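Take a look at the letters that make up each chain.
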Amino acid sequence: MPKDTSIKSVLIIGSGPIIIGQACEFDYSGTQASHSLREEGIEVTILNPNPATIMTDPSTADNVYLLPLTPEYVEQVLREQPQIDAVLPTMGGQTALNLAIECGEIGLWEKYNTRLIGVDLEAIDLAENRELFRLHMEKLGLKCAPAMIANSFLEGMEAAQEIGFPLVIRPSYTLGGFGGGFCFKEEDFAEMLRRGLDASPTHEVLIDKAVLGWKEFELELLRDSANNVVIICAVENFDPMGIHTGDSITVAPAMTLSDKAYQDMRNQAIIAMRGMGNFAGGCNIQFSQNPETEELIVIEINPRVSRSSALASKATGYPIAKIAAKLALGYQLDELKNQITQTTSAFFEPTLDYVIVKMPRWNFDKFPGADHRLGLQMKSVGEVMGIGRNFLEALQKACQSLENGRAGLGSDKKEWIKTDDILHRLENVSDDRIFRLKDALRLGVPRKTIQKLTKIDPWFINQIKRLVDLDLQVQRYNVPEDIPADFFRELKELGYSDAQIAYLLRVDEEAVTKRRYELGIRRTYKMVDTCAAEFEAKTPYFYSTFDSENESIVSDKPKVLVLGSGPNRIGQGIEFDYCCVHGLRAVQEAGYEAIMVNCNPETVSTDFDQADKLYFEPVYWEHIREIIELEQPEGIIVQLGGQTALKLAEEFHNRGIKVFGSSYESLDLAEDRGRFSNLLKELDIPYPNFGTAKNADEALDVAHRVGYPVLVRPSYVLGGQDMRIVINDDELERHVLSIFKKDPKMVVLVDHFLDRAKEAEVDAICDGDEVHIMGIMEHIEPAGIHSGDSSAVLPTYSLSVEAVNKMREYTEKLAFALKTKGLINVQFAIKTEKDTGVETVYVIEANPRASRTTPFIAKAYKVPYLNIATKVMLGTHKLKDFVINPQPSGFAIKVPVFSFNKFPNVDKQLGPEMKSTGESIRFVKDMTDPFFRELDRNRSMYLTR
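Being a predicted model, the structure only gives us computed values, none of them experimental.

S.K.: Help me out: how do you make sense of the overall build of the protein chain in this one?
M.R.: In terms of regular secondary structure, the protein chain is built from 31 helices and 33 strands. Relative to its length of 945 residues, the protein chain is compact, with a C-alpha radius of gyration of 27 Å against a globular reference of 30 Å. With the principal axes as the frame, the protein chain shows a C-alpha extent of 80 × 75 × 65 Å. The buried share of the protein chain, reckoned over its 945 residues, is 66%. Across the protein chain, contacts joining residues at least 24 apart in sequence account for 71% of those joining residues at least 6 apart. Counting every atom, the protein chain has about 33800 Å² of accessible surface; 48% of that belongs to carbon and sulfur. Distance from the positive charge centre (105 side chains) to the negative charge centre (138 side chains) of the protein chain: 2 Å.

S.K.: Help me out: how do you make sense of the packing of aromatic side chains in this one?
M.R.: What describes a pair of aromatic rings is the distance from one ring centre to the other and the angle between the planes of the rings. Counted by the stated rule, this structure contains 16 aromatic pairs. With 5.9 Å between their ring centres and 85° between their planes, Phe165 and Phe189 make a pair best called edge-to-face. Of the two residues, Phe165 sits in the loop between α7 (153–163) and β7 (167–171) while Phe189 sits in helix α8 (residues 186–199), which places them 24 residues apart along the sequence. Judged by relative accessible area, which is 1%, Phe189 ranks as buried. Look at Phe367 and Phe900: their rings are 6.0 Å apart centre to centre, the planes differ by 85°, and that puts the pair in the edge-to-face class. Here the residue Phe367 occupies a position in the loop between β15 (355–361) and β16 (382–388), and Phe900 occupies one in the loop between β32 (891–897) and β33 (918–924), the gap between them amounting to 533 residues. Lying across the ring of Tyr28, Lys314 places its NZ or CZ 4.0 Å from the centre. One residue, Arg506, lies across the ring of Tyr503, its end atom 4.6 Å from the ring centre.

S.K.: Which parts of the structure should I look at to understand the nonpolar core?
M.R.: In summary, soluble globular proteins display a tendency toward joint burial of nonpolar side chains. Within the largest apolar cluster, 140 residues are counted, with the highest numbers of intra-cluster contacts made by Ile12, Leu88, Leu222 and Met359. When sequence neighbours within four positions are dropped, the list of residues in contact with Leu88 reads Val10, Leu11, Ile12, Ile13, Ala33, Leu37, Ile117, Gly118, Ala325 and Ala328.

S.K.: Help me understand the side chain of Lys215 in this model?
M.R.: Within the secondary structure, Lys215 is located in strand β10 (residues 215–223). According to the relative accessible area criterion, Lys215 is buried, its value standing at 11%. With residues up to four places along the chain from it excluded, the contact list for Lys215 reads Glu236, Met241, Thr256, Phe287, Ser288, Gln289, Pro291 and Asp457.

S.K.: It is not clear to me how the pairing of β7 should be interpreted in this structure. Could you clarify?
M.R.: Strand residues, when the strand is regular, have side chains that alternate between the two faces of the sheet. Of all 5 residues in β7, 5 are buried; the element is thus mostly enclosed. Burial along β7 is two-sided: Leu167, Ile169 and Pro171 and Val168 and Arg170, pointing in opposite directions, are all buried. By the bridge criterion, 3 bridges tie β7 to strand β8 (residues 181–183) in an arrangement that is antiparallel. Across the sheet, Ile169 pairs through a bridge with Gly181, a residue of β8. As judged from the 5 bridges shared by β7 and strand β9 (residues 205–209), these two strands associate in the antiparallel manner. Bridge pairing in β9 links Pro171 to Val205.

S.K.: Honestly, the packing of α7 against α8 in this entry has me stumped. Any pointers?
M.R.: Two quantities define a packed helix pair, namely the angle between the axes and the distance from one axis to the other. At a minimum axis separation of 10 Å, α7 and α8 run at an interaxial angle of 130°. Taken together, the axes of α7 and α8 lie oblique to each other. Two packed elements cross with a definite hand, and for α7 against α8 that hand is right-handed. For the pair formed by α7 and α8, the contact residues are Phe153, Gly156, Met157 and Ala160 on the first element and Phe189, Ala190, Leu193, Arg194 and Leu197 on the second. For the contact of α7 with α8, the per-class residue count stands at 7 nonpolar, 1 polar and 1 charged.

S.K.: Can you help me understand the sheet that holds strand β14 (residues 296–302) in this one?
M.R.: One key point about sheets: their strands pair by backbone hydrogen bonds, in either a parallel or an antiparallel sense. Across the sheet, 7 strands lie side by side as β14-β13-β10-β11-β12-β15-β16; this open sheet has antiparallel pairing. The open sheet has two edge strands, β14 and β16, and neither has a second partner. Sheet twist, expressed as the mean angle between neighbouring strand axes with direction ignored, is 25°. As paired elements, strand β12 (residues 250–252) and β15 share 3 bridges and run antiparallel to each other. Bridge pairing links Thr250 to Lys358 in β15. Packed onto the sheet, helix α12 (residues 391–401) meets β12, β15 and β16 and runs at close to 30° relative to β15.

S.K.: What's the story with the pattern of salt bridges in this structure? I'm lost.
M.R.: Where side chains of opposite charge bring their charged atoms close, a pairing between them can arise. Scanning the model with the defined rule gives 58 salt bridges in all. A salt bridge links Asp353 to Arg389, with the nearest nitrogen and oxygen atoms 4.0 Å apart. With Asp353 in the loop between α11 (320–328) and β15 and Arg389 in the loop between β16 and α12, this residue pair connects regions lying 36 residues apart in the sequence. Looking at Asp353, the relative accessible area reads 30%, which means it is partly exposed. A salt bridge links Arg389 to Asp547; the nearest nitrogen and oxygen atoms lie 3.8 Å apart. With Arg389 in the loop between β16 and α12 and Asp547 in the loop between β18 (541–545) and β19 (559–563), this residue pair connects regions lying 158 residues apart in the sequence.

S.K.: Looking at this model, I keep getting lost on a negative patch on the surface. Mind explaining?
M.R.: Taken together, Asp697, Glu698, Asp701, Asp729, Asp730 and Glu733 make up a surface patch of like negative charges. Put simply, the parts of the chain that give the negative patch at least two residues each are α26 (696–706) and α27 (729–742). Mapping Glu733 onto the fold places it in helix α27.

S.K.: Could you clarify how one ought to interpret the environment of Arg433 in this entry?
M.R.: Tracing the chain through its elements places Arg433 in helix α14 (residues 433–442). Classification of Arg433 as buried rests on a relative accessible area of 5%. Placed 21 residues apart in sequence, Arg433 and Thr454 show a C-alpha to C-alpha distance of 9.3 Å. Residues within four places of Arg433 in sequence aside, it is in contact with Asp239, Pro240, Ile243, Arg425, Leu426, Thr454 and Ile456. Looking at Arg433, its side chain comes within polar contact range of the side chain of Asp239, at 3.0 Å.

S.K.: Explanation requested: helix α19 (residues 509–518) in the structure shown.
M.R.: Count 3.6 residues to each turn of an α-helix, and residues three or four apart come out pointing the same way. Taken residue by residue, α19 has Val512, Thr513, Arg515, Arg516 and Tyr517 as its buried positions. Here the buried face of α19 lies against α17 (485–493), α18 (498–505) and α21 (621–631). Near the N-terminus of α19, the side chain that reaches the backbone nitrogen of Glu510, with its oxygen 3.2 Å away, is that of Asp508. The positive-phi residue at the C-terminal boundary of α19 is Gly520, with phi of around 75°.

S.K.: Sorry, what's going on with the side chain of Ser920 here?
M.R.: For Ser920, the location among the structural elements is in strand β33. Dropping the residues within four chain positions of it, Ser920 is found in contact with Pro17, Pro49, Pro51, Ile893, Lys894, Val895 and Val897.

S.K.: What am I meant to see in the sheet that holds β8 here?
M.R.: Taken in spatial order, the 4 strands line up as β6-β9-β7-β8 in an open sheet, and their pairing is antiparallel. A single partner strand is all that each edge strand has here, and the edge strands are β6 (147–150) and β8. Each adjacent strand pair in this sheet contributes to an overall mean axis angle of 25°, direction not counted. Note that β6 and β9 share 4 bridges and pair antiparallel. From the neighbouring strand, Met148 faces β9, where its bridge partner is Ile207. Those strands touched by α7 are β6, β7 and β9, and its axis lies near 170° from that of β6.

S.K.: Which parts of the structure should I look at to understand unusual backbone geometry?
M.R.: Across residues other than glycine, the phi torsion is negative in most instances, and most of the peptide bonds are trans. Geometrically, the link from Tyr708 to Pro709 is a cis peptide bond, its omega value of -5° lying close to zero. With respect to the secondary-structure elements, Pro709 resides in the loop between α26 and β24 (710–714). Omega for the peptide link from Leu794 to Pro795 comes to -5°, which places this bond in the cis form. Among the secondary structure elements, Pro795 is positioned in the loop between β29 (792–794) and α28 (801–817). Its identity is not glycine, yet Gln632 carries a phi of approximately 50°, on the positive side. The residue Gln632 is located in the loop between α21 and β22 (635–637) in this model. Under the relative-accessibility criterion, Gln632 is labelled exposed at 55%.

S.K.: Explain the environment of Thr606 to me, please; I cannot follow it from the model alone.
M.R.: Tracing the backbone shows Thr606 in the loop between β20 (593–598) and β21 (613–616). With sequence-adjacent residues up to four places away left out, Thr606 is seen in contact with Lys314, Asn598, Asn600, Pro601, Leu614 and Phe616. Polar contacts involving the side chain of Thr606 include one to the main-chain carbonyl oxygen of Asn600, which spans 2.8 Å.

Basis of the calculations
Residues numbered from 1 in each chain as written. Predicted model: local features only at pLDDT ≥ 70, side-chain atom pairs only at ≥ 80, totals over all residues. Heavy atoms only, no water. Helix = DSSP H or I, 4+ residues; strand = E, 2+ residues; numbered from the N terminus. Rg over C-alpha atoms; globule rule 2.2 N^0.38 Å. Buried < 20%, exposed > 50% of the residue type's maximum accessible area, 1.4 Å probe, protein only. Contact = heavy atoms within 4.5 Å. Areas by Shrake-Rupley, 256 points an atom, 1.4 Å probe, with all protein chains shown as cover. Lys, Arg positive; Asp, Glu negative; His and termini not counted. Charge placed at Lys NZ, Arg CZ, Asp CG, Glu CD. Phe/Tyr/Trp six-rings, centres within 6.5 Å; stacked < 30°, edge-to-face > 60°. Lys NZ or Arg CZ within 6 Å of the ring centre and 35° of its normal. Core = buried A, V, L, I, M, F, W, Y, C linked by side-chain atoms within 4.5 Å. Pairing = 2+ DSSP bridges. Axes fitted to C-alpha atoms, helices over the stretch in contact; angles between N-to-C directions. Parallel < 35°, antiparallel > 145°, perpendicular 65-115°, else oblique. Left-handed = near helix turned anticlockwise from the far one by under 90°. Nonpolar A, V, L, I, M, F, W, Y, C, P; charged D, E, K, R; others polar. Salt bridge = Lys/Arg side-chain N within 4 Å of Asp/Glu carboxyl O. Patch = residues over 30% accessible without salt bridge, like charges linked within 9 Å, V, L, I, M, F, W, Y side chains within 5 Å. Polar contact = N/O pair within 3.5 Å; in protein donor to acceptor, adjacent residues only side chain to side chain.

Here is the structure:
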């Protein structure tokens, strides 16, 4: 059946600000869906208050509304865009589904003659209402765990008594497992039940029997209106039942399923999908399997694209959200083309001739006192994906991608040596369990003991044991030249980095690389083509391995390499992916071939149709090096990928590889807090009194000289990591020692803290001759709260004209002194002395790169600042070449969003270290707006040390 031609204008509901459990995978799906609908000539309107996303960029849709996700604002959109005749709620996660239900319940869709496409309210309710879902699955002949529904405390207690412990509590209509958990003992049940009932918007929980230790699998599917179902990907959780899939290491294709079990799972999934009522699009179904009997039970179905959909899309090359959007219009699968091959049908199931490993990225260090144990409630803030020809290669590449200093799965630093501690960590699963699993094998703990403690399938344990055996084998040699060529190749084929081999040999990494090159062991690049090379692919999407054939054909066009930002984490989120995507487009417009390197499966930058060439690889020196050697780009852009890309600038500088934009010397000068303060002194720019220290005694001397309170921070920090305000010698000594414990070579900066100062920041572009001020933002919260955790108002609302002029003057001075070419962000503190009334503008720091606020200003002023800045970096344009016409609309407020509810025992304390996971934008006409007044009223409430 062809598309429904009555649909002319569609509203896509986004997922709002990034929170734990709902991240930038929905930016990716919403962006893909919008492009897909516009290909069909359909007008697209987007509702989403997240300013950091490509989804809310003017280039993505015909109309973009940066408004809160509530029925009142949905009605405003429908009133202003009366031509909207359909709404697509399946691209914005649980938030969009819940909003679609709420609008349906109050009759909003009927009132404006708008219908849901892709899914109807009955199908959403069937999947989300735990009791309805369980009864429906049983009616279809599928098994679920024994369970009862509870809408009250009394019903919950009765259910627990009837089913028996251990139990799982699953609140209805929540995301990321919020409010849910496992209960092993009767005495813990009452509190957990209350939490679950509170978490559910309908105050409903499903209480079911816990099948702990069973294996967990997910299938990603697409279904069309004619009941055709295609299975895109089977994903196996490395971790057994009991850990939220967002916190689980996952592997595709499924590694330990028998053919019979896989066919059984496929058949059940198809039955379940066809029984979901009016639904056409992407869907995720989760199964649990008894490892002894292969019995299957259905856990849940998400009638929308999900976190796993983004992963499956990147894993297979099959653009699930793009096809799902077309299915929502009425198309059938056999009427659509495979977007990768452009010749085969979308009804053609992808085939993988490689292995995918997804690893979550946590940020527990931002939440002191947080429980590191993993369970039903998701706690990770991002994820990475490794692609390899085998499980171990993909696993080690994923470890190299995590941005936590690892060179692979162990064999790169001193590991744990206490067997009792390790066994405890295996049984009480936390964020580092896979590393502790390898430690246990290294210390001789029997594989059966490990399997008993972890319930991880023996196949995976045996794979990691292979790495332990290889480590021992490497250590028999003294120098790289002693390693036989065949064994050297085997190590590389199993994902070992040169740094790991160097660590095991106790030699320099460069010596290992040199010997490897002499042996001709170099990376080749294979294509992600959805069909195991059975058909020719048209899209250049590659991963590296050690194979004889290289499928990445180098063109003779001048090239620019754009480095991505790796996994999302606090301090570096989706805003840098926005910057990278715009950077790619600007590179192409400037006449270059744009090459993207990134390892984050959730992002738009790793979509197959964004760059001229995509290398889905770790943003890790060894991998980048060989891509550069193959492609021979004109240069690299590091300004757009946050700290991940920036930290490679020194390596490029030392090797004579061109970095577009500001030089490494400028970047390093800004990062080195001591040298930067000396520069401010030379420029006669006020800065807080400070000193540097290499030990605790020196830090105490500086603190006594500059006076308490002081701000203590290590040089080269991301998101304010390890920054604290301290008020006496004891606190100072404790904190400084904790920094030196992590890195004894660290230099610590001790600044006098400007108590009760106002804070502001400026984003600007410099082309070497001219500086353009993009925006000046005043923080509502006082100095001392990290800029990422502050509500920022654009333009300023209470600063004097003199202070604003000083900020402009100092920004220009700094931009020229740092020889900035491209973007720069400068942060200020404005202090008025009580006694004299004298106002002083201090510079706190400068970052000559894309900042967290760049997308926010671009959206607020409707100016493509990233496009302009990238062309300035490339040197193809000057600022005078652009007509820059900001279009402000009252005041724009950047409002941080936190995920403290994932860590119930952590206080909501804010300080110099960033803790927010995302942000929204709010527009107000003036400072009498109640929303602004409420923020201003609470401005100092959460400031702590």
